[in-house]
Amino acid sequence: MEDLLSKVEQAFDWVPQWLVGLGLVVGAIAVALFVYGIAARIIKRALRMRWPAVTLLLQRVSGPARLALCLVAEALVLPLAPLNDVLREQLRHFFIVAVIALIGWITVRAVDMGAARYLQRFRLDTDENFLARKQVTQVRVFKRVIHILIVIIAVSTALMTFESVKQYGVSLFASAGAAGLIVGLAARPLLSNLIAGVQIAITQPIRIEDAVIIENEWGWIEDIASTYVVVRLWDWRRMVVPLSYFIERPFQNWTRDTQSLIGTITLHVDYCTDVSRIRQRLEQAVRESKLWDGAVVNLQVIEASPRAIELRALVSASSAPQSWDLRCEIREKLLTFIREEMPEAFPRERAMISPRLADFSDTFEHGDKRSSPMAARAHG
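These remarks concern the structure in this document. Every chain's residues receive numbers from 1 upward, in the order its sequence appears when written. A pLDDT threshold of at least 70 governs which residues receive local features in this predicted model, and a stricter bar of 80 or more applies before side-chain atom pairs are shown or counted, although totals over entire chains, interfaces and linings include all residues. Side-chain metrics rest on all non-hydrogen atoms present in the structure, leaving aside hydrogens and water.

1. Brief notes about the overall build of the protein chain
- Numbering goes from the N terminus for both helices and strands, where a helix is a DSSP run of H or I of at least four residues and a strand is a run of E of at least two. Looking only at helices and strands, one finds 14 helices and eight strands in the protein chain.
- Counting across all 380 residues of the protein chain, residues that qualify as buried make up 34%.
- By the convention used here, residues are in contact when the closest approach between their heavy atoms is within 4.5 Å. In the protein chain, the proportion of contacts linking residues at least 24 apart, taken out of those at least 6 apart, comes to 63%.
- Per-residue accessibility takes into account occlusion by the displayed protein chains alone, with areas from the Shrake-Rupley method and a 1.4 Å probe. When the accessible surface of the protein chain is split by element, carbon and sulfur atoms take 62% of a total near 24,000 Å². Burial here depends on accessible area, computed with a 1.4 Å probe over protein chains only, as a share of the maximum for the residue type. Under 20% is buried, over 50% is exposed, and the range in between is partly exposed.

Here's what the structure looks like:
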């Protein structure tokens, strides 16, 4: 290696020494990337059919592997490169920072692969996925919190290698001093959301794919990030809500314990309605529907106003979307049945029509005259 470097120096004797040294470092990095590319292709072609998991692992660690090879090449060439002490010290410092970044990167990748490996046992595309949603929520929240902690530790460690900003790295670790207080106050919303994320992961008021009502909007929990939650609304919009919202404010969770829901259908009908016929039609309609889970079907008279009576039908479904569709379907069928089979069930206004008061007064006057004694004598 030394003979090769001496020959290179003789061939490029007219080039400045620092430029030769930098060229050697850059060339070593380029050779390392080239070797990695060839090795990765060979391994993928050889193991793609037999062990597809190995190729998937190579794809996930490709970035850290490239950086590791580049650092190895730099570590081999840097002591032999013709560089002055200042430039050599700067490159050595860059090497240390790159090693810290590599360790953090590898740790993040290891956390991701461990989480993905753990979540392979759970499926969200089934009806009864309570345990799966619970585990996915916890793993995702904890994974993102760990990511943030790893980044903070890596950045603070890298800052402590610089004398000019060493105190900032110490502040990130200890959170002490005036700078630490200022950073802490500025990052209060971030920290509150991080703490709320940990609380949500432990207590789980919400989980992935829970059906919720927030700010009078109905949707599903699509993603739980480190500081916010993405809610997929029924019309495909997305509502982004801070994590602290679910700790500090009330909301409705329709699938907290189970996916099954009971839907309500309300009808207003006339007092002359035969409720038993509507109840029979309701039971027939839910049996014909593919959305009914076979658990609950009921019809009750829940209110009686001066104009009409109020009927409430209860039907159950295995999920929130199916419950909504089932309610719409049954409501349409009941309205069709009332229109075609029981038109007398429609609410109607009733009024009592009486003669005018003048007509009554004339009658009373004639009656009084006929019944008086004078009228009786005249008649006699």
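Don't stop here, the text continues.
2. A closer look at the pattern of salt bridges
- Here, a salt bridge means any side-chain nitrogen of Lys or Arg that lies within 4 Å of a carboxyl oxygen of Asp or Glu. Within this structure, the stated rule accounts for 15 salt bridges.
- Residues Glu222 and Arg232 are paired through a salt bridge, measuring 3.9 Å at the closest nitrogen-oxygen approach. Here Glu222 is found in strand S2 (residues 217-224), whereas its partner Arg232 is found in strand S3 (residues 228-233), with ten residues between them in sequence.
- For Glu222, a relative accessible area of 26% puts it in the partly exposed group.
- Here Glu329 and Lys333 are joined by a salt bridge, their closest N and O atoms 3.0 Å apart. Here Glu329 and its partner Lys333 are both found in helix H12 (residues 320-341), four residues apart, which amounts to about one turn of the helix.
- Under the relative-accessibility criterion, Glu329 is labelled partly exposed at 22%.
- Through salt bridges with shared partners, one network takes in Glu209, Glu222, Arg232 and Arg238.

3. Topic: the packing of helix H11 (residues 275-288) against H12
- Helix axes use the C-alpha atoms of the stretch in contact, all axes being lines fitted to C-alpha atoms, and the angles between their N-to-C directions lie in the range 0 to 180 degrees. The geometry of H11 relative to H12 is characterised by a closest axis approach of 10 Å and an angle of 135° between their N-to-C directions. Comparing their axes, H12 and H11 come out oblique. Here H11 and H12 pass one another in a crossing that is right-handed. Residues Arg277, Ile278, Arg281, Leu282, Ala285, Val286 and Glu288 of H11 touch H12, and the partners they reach there are Ile330, Lys333, Leu334, Phe337, Ile338 and Glu341.
- When residues are grouped by polarity, Ala, Val, Leu, Ile, Met, Phe, Trp, Tyr, Cys and Pro land in nonpolar, Asp, Glu, Lys and Arg in charged, and all others, Gly among them, in polar. Taken together, the residues that form the contact of H11 with H12 break down as eight nonpolar, no polar and five charged. Throughout this description, any angle smaller than 35 degrees is read as roughly parallel, any larger than 145 degrees as roughly antiparallel, any in the 65 to 115 degree range as roughly perpendicular, and the remainder as oblique. Each crossing gets its handedness from the near helix: less than a right angle anticlockwise from the far helix is left-handed, clockwise is right-handed.

4. Focus on the packing of helix H4 (residues 62-77) against helix H5 (residues 85-119)
- Viewed as axis vectors pointing N to C, H4 and H5 meet at an angle of 155°, and their least axial separation amounts to 10 Å. Our classification of the angle between H4 and H5 gives roughly antiparallel. Between H4 and H5 the crossing geometry is left-handed. Listed contacts from H5 to Gly63, Pro64, Leu67, Ala68, Leu71, Glu74 and Ala75 of H4 are Leu91, Phe94, Phe95, Ala98, Val99, Leu102, Trp105, Ile106 and Arg109.
- Partitioning the contact of H4 with H5 into residue classes produces 13 nonpolar, one polar and two charged.

5. Description of the sheet that holds S3
- Note: two strands are recorded as paired if DSSP finds a minimum of 2 bridges between them. Taken in spatial order, the five strands line up as S4-S3-S2-S1-S5 in an open sheet, and their pairing is antiparallel. Every other strand in the sheet has two partners, leaving strand S4 (238-242) and strand S5 (252-253) as the edge strands with one partner each.
- Pairing of S2 with S3, which is carried by five bridges, proceeds in the antiparallel orientation. Bridge pairing links Gly219 to Leu233 in S3.

6. Thoughts on a positive patch on the surface
- A cluster of basic residues, Arg41, Lys44, Arg45 and Arg66, forms a positive patch on the protein surface.
- It is helix H2 (residues 17-47) that contributes the most residues to the positive patch, three residues altogether.
- Residue position: Arg41 is located in helix H2. The patches reported here contain residues having more than 30% relative accessible area and no salt bridge. Joining distances are 9 Å for like charges and 5 Å for nonpolar side chains (Val, Leu, Ile, Met, Phe, Trp, Tyr). Counted as positive: Lys and Arg. Counted as negative: Asp and Glu, with His and the chain ends omitted from the count. Where a charge sits is defined by one atom per residue type, namely NZ (Lys), CZ (Arg), CG (Asp) or CD (Glu).

7. Observations regarding the pairing of S2
- Burial within S2 is extensive, with six of its eight residues counted as buried.
- Pairing geometry for strand S1 (residues 211-214) and S2, over four bridges, is antiparallel. For Ile214, the partnering residue across the bridge sits in S2 and is Glu217.
- Linking two consecutive strands that pair antiparallel, namely S1 and S2, is a turn of two residues; a positive phi of about 55° is found at Glu215 within it.

8. Digging into unusual backbone geometry
- Backbone geometry at Glu209 places phi at a positive 70°, although glycine is not the residue there.
- Looking at the secondary structure, you find Glu209 in the loop between helix H9 (188-203) and S1.
- Under the relative-accessibility criterion, Glu209 is labelled partly exposed at 25%.
- The backbone phi angle of Glu215 is positive, close to 55°, even though this residue is not glycine.
- Among the structural elements, Glu215 can be located in the loop between S1 and S2.
- Looking at Glu215, the relative accessible area reads 44%, which means it is partly exposed.

9. Some thoughts on the nonpolar core
- In this structure, Ile206, Ile214, Ile221, Ile224, Val229, Val231 and Phe246 are the most contacted members of the largest nonpolar core, which totals 25 residues.
- Among the secondary structure elements, those contributing two or more residues to this core are H5, helix H6 (130-159), H9, S1, S2, S3, S4 and helix H10 (245-248).
- A per-element tally of this core places H6 first, with five residues.
- Ignoring any residue separated from it by four or fewer positions in sequence, one finds Ile214 in contact with Val231, Met239, Tyr245, Phe246 and Phe251.
- Nonpolar cores were defined as sets of buried Ala, Val, Leu, Ile, Met, Phe, Trp, Tyr and Cys residues, with membership established by side-chain atoms within 4.5 Å. Among the nonpolar cores identified, the runner-up in size contains 21 residues, and Ile278, Val286, Ile309 and Val315 belong to it.

10. A few points about the sheet that holds strand S6 (residues 261-269)
- A sheet is described by the order of its strands in space; here three strands give the open sequence S6-S8-S7, paired in antiparallel fashion. On the outer flanks of this sheet lie S6 and strand S7 (292-304), each paired with one strand and no other. Each neighbouring strand pair of the sheet contributes to a mean axis angle of 20°, computed without reference to strand direction.
- Pairing analysis gives eight bridges linking S7 to strand S8 (residues 309-317), with the strands arranged antiparallel.

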